[in-house]
Amino acid sequence: MRGTTVLPGTPCQVQNGGELPMHRLEVPMLNALPFAIGTFDAIGPMSRANFPHRHTFHEIVYVTGGTGTHVVDLARWELRPPHLCVIAPGQVHHWDARDLSGHVVLFTDDFLLDHPGDRELLRRLSERPWLTLDGPTHARLGRLIAELEEEYRAGARGVESVLRALLHVLVVRAARLPQTASAVPPARPGAVAEEFARLTARPDLGLWSVSAYAERIGVTPGYLTEAVKAATGRTPSQLVREARAGEAKRLLARTDLTVRQIAGRVGFGDPAYFCRFFRREAGVSPGDFRRRGDVRAVGRSQ
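Residues numbered from 1 in each chain as written. Predicted model: local features only at pLDDT ≥ 70, side-chain atom pairs only at ≥ 80, totals over all residues. Heavy atoms only, no water.

**With respect to the overall build of the chain**
Going by this rule: Helical segments are the DSSP runs of H or I of at least four residues, strand segments are the runs of E of at least two, and each set is numbered from the N terminus. With a 1.4 Å probe rolled over the protein chains alone, any residue whose accessible area is under 20% of its type maximum counts as buried; one over 50% counts as exposed, and the rest are partly exposed. Any pair of residues with heavy atoms lying within 4.5 Å of one another is described as a contacting pair. Using a 1.4 Å probe, accessible areas were evaluated by the Shrake-Rupley method; residue-level cover was limited to the displayed protein chains.
Scanning the chain from terminus to terminus reveals 12 helices and 10 strands. Here the chain, with 302 residues, has 45% of them falling under the buried criterion. In the chain, once contacts between residues fewer than 6 apart in sequence are set aside, the share between residues at least 24 apart is 67%. By element, 52% of the accessible surface of the chain is carried by carbon and sulfur atoms, the whole surface being about 15,300 Å².

Now the structure itself:
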């Protein structure tokens, strides 16, 4: 897959407004192996990023220590190491964890050319991404991870074929692991609605349409509508309109921005259309709302 690897320090891919950051695999030089393995510290701070993001590559995480949670596609998993976690390209995830330790294995689809069937195994693993390991399994996988890292660091002749073989063994053995009863994600529709509510409280993100929220959360607009309506009895469109109107009121009451500037801040390119929207939502024009002395006083006292 072209464009899935970059040199260290290459900026993250620029996304359209409201879209999640898309991270590419950093490799030490052009045409280097599309593969990396190391501890969280060795891979760097992005290996434990605490903000939602996606990858162009596969990630296998072997967690040996830490407390907190790991969020994958809105399912929040509690850290009770040891764990094995598989994240597929395009999945949304982030960490809310402390003292995180273990190893991270990163590779692109191209690296699976010797064992193309592993793509399907990885896809299935990504659907149950949080596996808690018993003692013997932890020991076996720990030895395999250590051998992968040793081979990668040594870089001896034939390293690429050996790494592919060891990675194949890791994927196959991971696919044999049973789903652990203790790792049950919350109800997905409820989690989607909860994330939507959190994002609508963040006007700084500039998400002013249902499709923008759906893209940020990683679901379709239709699924978002069903989830939010089931949780709140209201549609995302209604709640987005309220969020836009609420932010416009705050800006009118607390700033000296012009109506045109405020329209742009809440996602309206046409100030006249913004004025019609605001009058419909607030019952008065933006100018009349701003001229109310009691509004500005309330704004200062909050």
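**Focus: the packing of aromatic side chains**
Note the cut-off: Between the rings of Phe, Tyr and Trp (Trp by its six-membered ring), a pair exists once the centres lie within 6.5 Å; its type follows the angle of the planes, with under 30 degrees stacked, over 60 edge-to-face, and the other angles tilted. Two limits define a charge over a ring: the Lys NZ or Arg CZ must be within 6 Å of the ring centre, and within 35 degrees of the ring normal.
Taken as a whole and judged by the stated rule, the model has 10 aromatic pairs. Between phenylalanine 196 and tyrosine 213 the ring centres are 5.1 Å apart and the planes differ by 65 degrees, which places this aromatic pair in the edge-to-face class. With a gap of 17 residues between them, phenylalanine 196 in helix H5 (residues 188–200) and tyrosine 213 in helix H6 (residues 210–217) connect regions that are remote in the sequence. Side by side, phenylalanine 196 and tyrosine 213 carry an identical accessibility label, which is buried. Feature note: the residues Phe268, Tyr273, Phe274, Phe277, Phe278 and Phe289 constitute an aromatic cluster, connected by ring pairs. For arginine 244, the ring lying beneath its charged end belongs to phenylalanine 277, and the centroid distance is 5.9 Å.

**Regarding the pairing of strand S9 (residues 93–107)**
To keep things clear, this is the line we draw: For two strands to pair, DSSP has to find at least two bridges joining them.
Relative to S9, strand S4 (residues 35–39) runs antiparallel, the two being bridged by five bridges. When the sheet's bridge partners are listed, glycine 38 is paired in S9 with valine 104. Note that strand S6 (residues 58–72) and S9 share 13 bridges and pair antiparallel. Looking at the pairing, glycine 68 lines up with alanine 97 of S9.

**Observations concerning the nonpolar core**
Our working rule: Only buried Ala, Val, Leu, Ile, Met, Phe, Trp, Tyr and Cys residues count toward a nonpolar core, and they belong to the same one when joined by side-chain atoms within 4.5 Å.
Residues Phe35, Ile60, Leu84, Val105, Phe107, Leu167 and Leu170 are the most contacted members of the largest nonpolar core, which totals 27 residues. Those elements that provide at least two residues to this core are S4, S6, strand S8 (83–87), S9, helix H2 (118–126), helix H3 (135–154) and helix H4 (159–176). In terms of residue count, H4 provides more of this core than any other element does, seven residues in total. Leaving out residues up to four positions away in the same chain, leucine 170 has contacts with Ile60, Leu141, Leu144, Ile145 and Leu148. With 17 residues, the next largest nonpolar core counts Leu25, Ala36, Cys85 and Trp95 among its residues.

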